[in-house]
Amino acid sequence: MPARLLSSLLLLCCGLAAAQQPPVLTLEQLPRPSAPPAEAGPVVPSQVLRWREEAQRLEYGDGVPRDPVAAARLYCRAARYGDAEAQYALAWMLTNARGIQRNDAEAAHYFAAAAEQGMAQAQNMLERLGGTPLGDPPACLRPPEAETPRPAPALTRQLARVQMIPALPPPPQAPEPIVRFVNLVAPEYKLSPALVLAVMATESNFDPLARSPKNAQGLMQLLPDTALRFKATKLSDPTQNIRAGMAYLRWLLAYFQGDISLALAGYNAGERAVDRYLGVPPYAETRLYVRKILAAIGGQRQHPFDATVVAPSPLLARLRGG
């Protein structure tokens, strides 16, 4: 067989063999999964857990074919609802290019969210990536579509239209003296008593001696620094505690221009976290806290506010495109 013909046959065979091999992807060519669409209907914690467990099986090929892209999308769904382990796992996939394209900048946001929920290993990884994440949080940490704050209408129209939360029966465990005090004093702070009592029920269950692991104290579970902001020096005094908590709620409602969800998220997680995450932060505790209180007040999402208390959050201007 002529040498040229033999060479041609060898090239043809090699070409066919190469064509049958799957292409080898570089790190830059690895897939970049998109965020899943908004969920239809409410999402309960057991569903979030199922997403994370299914994602783990897909990531490691545990009883199913390994599919890192599908795993990342499920981790994303769970991360959006505040699952710290899913946030950490998705960040780990991004920093190690585990079947998806590497992105350390995005991973830093997921590590930060998990660290802010108390995960020590996430804090260690965040420090290895340089500390504070830069830029806006990724889509998998944004509030679900149903919880995304909408731009408030013009201030004068909003004040004219929004009403106080209607009078509701107090929580059954609420002591009568506390209910009477709140009904009497809440109007001084331009607050609906129903909102104050719902916050108090969720925060302390009306225990004036309640103290959280983070040192939030009293009926309204105020941190000492927050109490000082609103002129409370003795958190064990129920009167001071309730008044300072009302002052903080009034401030938050002014800062978020009457958006109850954002104000409640700020009360639980701090207003700076709400600004940073462009809505209710991706913490399981905070998301559950907001939903629980909204249910207790009949689902109302807007509350009158005093625009003279504080300038509005920069988040609201961004939502309006300003």
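Residues numbered from 1 in each chain as written. Predicted model: local features only at pLDDT ≥ 70, side-chain atom pairs only at ≥ 80, totals over all residues. Heavy atoms only, no water.

A. A look at the overall build of the protein chain. Across its full length, the protein chain holds 15 helices and zero strands. The buried share among the 322 residues of the protein chain stands at 45%. Contacts in the protein chain between residues far apart in sequence, at least 24 positions, make up 61% of those at least 6 positions apart. About 16700 Å² of surface is accessible on the protein chain, with carbon and sulfur atoms providing 58% of the total. (Helix = DSSP H or I, 4+ residues; strand = E, 2+ residues; numbered from the N terminus. Buried < 20%, exposed > 50% of the residue type's maximum accessible area, 1.4 Å probe, protein only. Contact = heavy atoms within 4.5 Å. Areas by Shrake-Rupley, 256 points an atom, 1.4 Å probe, with all protein chains shown as cover.)

B. Region of the structure containing the layout of surface pockets. Space inside the largest pocket adds up to approximately 800 Å³. In terms of lining, the largest pocket is formed by 28 residues, of which the most central are K214, Y267, N268, A269 and E285. If you list the elements that add at least two residues to the lining of the largest pocket, you get α9 (193-204), α10 (224-229), α12 (260-269), α13 (271-276) and α14 (284-296). Considering every element that reaches the lining of the largest pocket, the biggest residue donor is α14, with five residues. (1 Å grid on protein atoms, 1.4 Å probe; cavity = no way out; pocket = protein on both sides within 12 Å on 5 of 7 lines; lining within 4 Å. Points joined across faces, edges and corners; volume = space filled by probe spheres on them.)

C. Structural view of the state of the cysteines. Evaluation of the coordinates by the stated rule reveals one disulfide. Covalently, C76 is tied to C140 through a disulfide, its sulfur atoms 1.9 Å apart. The disulfide joining C76 to C140 has a torsion of about -95 degrees about its S-S bond and is therefore left-handed. Linking C76 in helix α3 (residues 68-80) with C140 in the loop between α6 (120-128) and α7 (155-161), this pair joins segments that are 64 residues apart in sequence. The burial state of C76 is the same as that of C140; both residues are buried. (Disulfide = S-S within 2.5 Å.)

D. The arrangement of the packing of helix α11 (residues 238-255) against α12 in detail. Two numbers describe how α11 lies on α12: the axes approach to 9 Å, and their chain directions differ by 130 degrees. Considered as vectors, α11 and α12 are oriented oblique to each other. Considering the relative orientation of α11 and α12, their crossing is right-handed. In contact with G245, Y248, L249, L252 and L253 of α11, α12 contributes I260, A263, G266 and Y267. The class makeup of the residues in the contact of α11 with α12 is seven nonpolar, two polar and no charged. (Axes fitted to C-alpha atoms, helices over the stretch in contact; angles between N-to-C directions. Parallel < 35°, antiparallel > 145°, perpendicular 65-115°, else oblique. Left-handed = near helix turned anticlockwise from the far one by under 90°. Nonpolar A, V, L, I, M, F, W, Y, C, P; charged D, E, K, R; others polar.)

E. Spotlight on the pattern of salt bridges. According to the stated counting rule, one finds 13 salt bridges in the structure shown. Across the pair E39 and R77 runs a salt bridge whose closest N-O atoms are separated by 2.9 Å. Residue E39 is located in the loop between α1 (3-20) and α2 (45-60), and its partner R77 is located in helix α3; the two are separated by 38 residues in the primary sequence. Overall, the relative accessible area of 24% leaves R77 in the partly exposed class. Across the salt bridge formed by E85 and R52, the nearest N and O atoms sit 3.3 Å from each other. Placement of the pair is E85 in helix α4 (residues 84-96) and R52 in helix α2, with a sequence separation of 33 residues. (Salt bridge = Lys/Arg side-chain N within 4 Å of Asp/Glu carboxyl O.)

F. Up close: the packing of aromatic side chains. The tally for this structure, following the rule as stated, stands at eight aromatic pairs. Seen in terms of ring centroids, Y255 and F256 are 4.9 Å apart; in terms of plane orientation they differ by 70 degrees. Their pairing is edge-to-face. Take Y255 and F256: they sit in the same class, and that class is buried. Through a chain of ring-to-ring contacts, the aromatic side chains of Y88, W92 and F111 assemble into a single cluster. Seen from the ring of W251, R229 lies directly overhead, with NZ or CZ sitting 4.9 Å from the centre. (Phe/Tyr/Trp six-rings, centres within 6.5 Å; stacked < 30°, edge-to-face > 60°. Lys NZ or Arg CZ within 6 Å of the ring centre and 35° of its normal.)

G. The arrangement of helix α8 (residues 176-185) in detail. Among all positions of α8, only I178, V179, V182 and V185 are buried. Buried residues of α8 fall within an arc of 145 degrees about the axis and therefore sit on the same side. Away from its buried face by more than 90 degrees, α8 exposes E176, P177 and L184. Those residues of α8 hidden inside the fold are in contact with α9 and α11. (Arc of directions from axis to C-beta.)

H. Representation of the environment of L252 within the structure. Checked against the element boundaries, L252 lands in helix α11. Sequence spacing of L252 and F305 is 53 residues, and the spatial spacing of their C-alpha atoms is 9.1 Å. Those residues in contact with L252 that sit more than four places away from it in its chain are A263, G266, Y267 and E271.

I. Region of the structure containing the confidence of the model for the protein chain. Per-residue confidence for the protein chain gives a mean pLDDT of 87, with 85% of residues at or over 70. Taken together, the stretch residues 5-11 has pLDDT below 50 and engages in two contacts with residues farther than four places along the chain or on a different chain. Contacts for the low-pLDDT stretch residues 153-157, under 50 throughout, to residues beyond four places or in other chains number five contacts. (pLDDT = per-residue confidence, 0-100.)

J. View of α4. Compared with an ideal rise of 1.5 Å per residue, which puts 13 residues at 18 Å, α4 spans 18 Å between its outermost C-alpha atoms and is within 8% of the ideal. When you tally the buried positions in α4, you get 10 out of 13 residues, the bulk of the element. Within α4 the residues assigned to the buried category are A84, A86, Q87, Y88, A89, L90, A91, M93, L94 and T95. Next to the buried residues of α4 lie α2, α3, α5 (104-116) and α6. With a side-chain oxygen lying 3.2 Å from the backbone nitrogen of E85, the N-terminal cap of α4 falls on D83. (Expected span 1.5 Å × (residues − 1). Polar contact = N/O pair within 3.5 Å; in protein donor to acceptor, adjacent residues only side chain to side chain.)

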